[in-house]
Amino acid sequence: QVELVESGGALVEPGGSLRLVCEVSTNDLSEYDLAWYRQPPQMGRELVARILRPGASTKSAASVKGRFTISRDNAKNTVYLQANSLKPEDTAVYYCYAQSIYSAEEFWGQGTQVTVSS
């Protein structure tokens with residue numbers, strides 16, 4: 001069973017930055033496509049950014065393009081989300097996601113709260 005543990009969520013002022021970290025319990029992170037999702041208050045879960053396995057091509061939602069960057073470190077079994085120029089509308093619970101490239105099985109973290117407010 002793969003477990004994902006997020007950290008790094010916090011209360012931050014508009015214009016600030018955060019780095020979210022997701023540690024994945026697996027023997028080989030390169031066997032997974034990875035992503036960050038978020039769920040704003042009273043709204044559905046939405047894709048923020050994803051990064052595919054070796055090759056590491058990325059895709060970001062239009063709302064965060066140019067401000068958020070997803071990256072992965074397979075040696076550390078970790079995926080990151082660098083969030084810059086944060087806006088109040090970025091307030092949400094942020095979830096880490098992994099999908100096996102072999103079985104397509106999906107795994108989710110428990111979420112970390114990001115609140116952008118002055």
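The structure presented is a predicted model; accordingly, all values stated were derived computationally and were not measured.

What counts, and at which threshold
Residues numbered from 1 in each chain as written. Predicted model: local features only at pLDDT ≥ 70, side-chain atom pairs only at ≥ 80, totals over all residues. Heavy atoms only, no water. Salt bridge = Lys/Arg side-chain N within 4 Å of Asp/Glu carboxyl O. Helix = DSSP H or I, 4+ residues; strand = E, 2+ residues; numbered from the N terminus. Buried < 20%, exposed > 50% of the residue type's maximum accessible area, 1.4 Å probe, protein only. Disulfide = S-S within 2.5 Å.

Help me out: how do you make sense of the pattern of salt bridges in this one?
Should the charged atoms of two oppositely charged side chains come close, the side chains can pair. All told, the structure shown has three salt bridges when counted by the stated rule. Across the pair aspartate 90 and arginine 67 runs a salt bridge whose closest N-O atoms are separated by 2.8 Å. One end of the pair, aspartate 90, is in the loop between β8 (78-83) and β9 (92-100); the other, arginine 67, is in the loop between β6 (58-60) and β7 (68-73), with 23 residues separating them in the sequence. In this pair, the class of aspartate 90 matches that of arginine 67, namely buried. Each of Arg38, Glu46, Arg67 and Asp90 takes part in a single network of salt bridges with overlapping partners.

Quick question: what am I supposed to make of the state of the cysteines here?
Disulfides are covalent bonds that connect the sulfur atoms of two cysteines. Tallying each qualifying case throughout the model produces one disulfide. Paired through a disulfide, cysteine 22 and cysteine 96 show a sulfur-sulfur distance of 2.1 Å. One quick way to see it: the torsion about the S-S bond of cysteine 22 and cysteine 96 is about -90°, and its sign makes the bridge left-handed. Linking cysteine 22 in strand β3 (residues 18-24) with cysteine 96 in strand β9, this pair joins segments that are 74 residues apart in sequence. A single burial state applies to cysteine 22 and to cysteine 96, both of which are buried.

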